Amino acid sequence: MIELAILGLLKEHPMHGYQLNRELSEQLGGLWRVSYGSLYPSLRRLERSGAISSEPGGGSGARRKTVYAITDEGERLFLELLQEPPHEGQTEDTRFRVRMAFFRYLPPETRVRVLERRRQGLQERLAEVKAHLRDPAVTDNYQRALMEHARAATEADIAWLTDLIQIERRTYEITAPVGEQRRASATLRRKERTR
C-alpha cells in the first residue's frame, strides 16, 4: 500500500523523503499516516527492485537530501498495484482509499472495473453483517449496535460507489459492464480479421 502511494506521488515529480511524507499526508487527507520508520524501508525496497532511482539532492553536509524518481519499472509496478484485486481483511478499506487517490492514472473502463469489484466485496460483507444481525445468539446490545453501525456504513459505501460508477459510465459513455465490453470488442476484432 505504501509502495503504491510512493510511486503515485513520484509520477508527478521527483521528491526527497520529507516531501514524500508531507505529500502522502496531504494527498490522503488524513485518512492514513505514514511514519518515517515505514517510509524509508519502502523507499529502499523500491530502489532495490528498480522501481525508483535516487540521486543526491539539495542541502549541504550531513543534511544532504536524497531525491527519488520513478523509473519505467516503477511505472509498470504502479499500474499493476493500482489495479490489484482486493485482499480480504481489515486493511482493504485503507488499500482502496489509497488506490482511489490515484484513480486519475487509470483509464475510465478500468476505474469502473475496480469500483464494481469494490462494490461487490462490500455487498458480500453486507450480507455477512445482516446474517449476524439475524442470529438470535447475538444478545449483547453493544455488539448489536456495532453490527448495526457496520451495516449502515457498508450500505452508505455501496450507495456512494454506485453513484461513482454511474457518473463514470455517463461521463465516458461506458454503457455495458466492462466485462461485456471486452467480450464485444474481442468479437468485433475476430470478425474484422475474418473479412
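Everything quoted here is computed from the prediction, not taken from an experiment.

1. Regarding the overall build of the protein chain
Part 1: Within the protein chain, the secondary structure is distributed over eight helices and three strands.
Part 2: Across the protein chain, helices and strands are ordered from the amino to the carboxyl terminus as α-β-α-α-β-β-α-α-α-α-α.
Part 3: Every one of the 195 residues in the protein chain was classed for burial, and the buried ones make up 34%.
Part 4: For the protein chain, long-range pairs separated by at least 24 residues make up 57% of all intrachain contacts whose partners lie at least 6 apart in sequence.
Part 5: Entry remark: accessible area of the protein chain is about 12,000 Å², with carbon and sulfur atoms responsible for 51%.

2. Comments concerning the nonpolar core
Part 1: Residues Ile6, Leu7, Leu10, Leu20 and Phe102 are the most contacted members of the largest nonpolar core, which totals 37 residues.
Part 2: Residue assignment for this core shows that the elements contributing at least two residues are helix H1 (2-12), helix H2 (17-27), helix H3 (36-48), strand E3 (66-70), helix H4 (72-82), helix H5 (92-100), helix H6 (108-134) and helix H7 (141-172).
Part 3: With seven residues, H1 is the largest single contributor of residues to this core.

3. Some details on the side chain of Arg118
Part 1: With respect to the helices and strands, Arg118 occurs in helix H6.
Part 2: There is a polar contact of 2.8 Å between the side chain of Arg118 and the side chain of Asp93.
Part 3: Those residues in contact with Arg118 that sit more than four places away from it in its chain are Glu92, Asp93, Phe96, Arg125 and Leu161.

4. A word on the pattern of salt bridges
One side chain can pair with another of opposite charge once the charged atoms of both are near each other.
Part 1: This structure, assessed with the given rule, holds 16 salt bridges.
Part 2: Note that Arg99 and Glu84 form a salt bridge whose closest N and O atoms lie 3.7 Å from each other. Of this pair, Arg99 sits in helix H5 while Glu84 sits in the loop between H4 and H5, and the two are 15 residues apart along the sequence.
Part 3: Salt bridges here are not isolated pairs; linked through shared partners, they connect Glu84, Glu92, Arg95 and Arg99.

5. So, the packing of aromatic side chains
Part 1: Under the defined criterion, the tally for this structure stands at three aromatic pairs.
Part 2: Ring geometry for Phe78 against Phe102: centres 6.0 Å apart, planes inclined by 85°, an arrangement best described as edge-to-face. Placement of the pair is Phe78 in helix H4 and Phe102 in the loop between H5 and H6, with a sequence separation of 24 residues.
Part 3: Assessed through its relative accessible area of 1%, Phe102 is described here as buried.
Part 4: When the centroid spacing of 6.3 Å and the interplanar angle of 85° are considered together, the rings of Phe96 and Phe103 count as edge-to-face.

6. As for the packing of H1 against H3
Part 1: Two elements in contact, H1 and H3, have axes separated by 10 Å at closest approach and are oriented at 75°. Classified by the interaxial angle, the pair formed by H1 and H3 is roughly perpendicular. Contact residues: H1 offers Ile2, Glu3, Ile6 and Leu7, while H3 offers Ser38, Leu39, Ser42, Leu43, Arg45 and Leu46.
Part 2: Looking at the contact of H1 with H3, its residues break down into six nonpolar, two polar and two charged.

7. With respect to the sheet that holds strand E2 (residues 52-56)
Part 1: Across the sheet, three strands lie side by side as E1-E3-E2; this open sheet has antiparallel pairing. Either end of the sheet is taken by a strand with one partner, and the two such strands are strand E1 (15-16) and E2.
Part 2: Summarising the sheet, E2 and E3 pair through five bridges and their orientation is antiparallel. Paired with Ser53 across the strands is Ala69, a residue of E3.
Part 3: Running over the sheet, H1 touches E1, E2 and E3 and is turned about 90° from E3.

8. Side note on the environment of Val114
Part 1: As for its placement among the helices and strands, Val114 is situated in helix H6.
Part 2: Sequence spacing of Val114 and Phe96 is 18 residues, and the spatial spacing of their C-alpha atoms is 9.2 Å.
Part 3: Not counting the four nearest positions on each side in its chain, Val114 is found in contact with Phe96 and Phe103.

Parameters and conventions
- Residues numbered from 1 in each chain as written.
- Predicted model: local features only at pLDDT ≥ 70, side-chain atom pairs only at ≥ 80, totals over all residues.
- Heavy atoms only, no water.
- Helix = DSSP H or I, 4+ residues; strand = E, 2+ residues; numbered from the N terminus.
- Buried < 20%, exposed > 50% of the residue type's maximum accessible area, 1.4 Å probe, protein only.
- Contact = heavy atoms within 4.5 Å.
- Areas by Shrake-Rupley, 256 points an atom, 1.4 Å probe, with all protein chains shown as cover.
- Core = buried A, V, L, I, M, F, W, Y, C linked by side-chain atoms within 4.5 Å.
- Polar contact = N/O pair within 3.5 Å; in protein donor to acceptor, adjacent residues only side chain to side chain.
- Salt bridge = Lys/Arg side-chain N within 4 Å of Asp/Glu carboxyl O.
- Phe/Tyr/Trp six-rings, centres within 6.5 Å; stacked < 30°, edge-to-face > 60°.
- Axes fitted to C-alpha atoms, helices over the stretch in contact; angles between N-to-C directions.
- Parallel < 35°, antiparallel > 145°, perpendicular 65-115°, else oblique.
- Nonpolar A, V, L, I, M, F, W, Y, C, P; charged D, E, K, R; others polar.
- Pairing = 2+ DSSP bridges.

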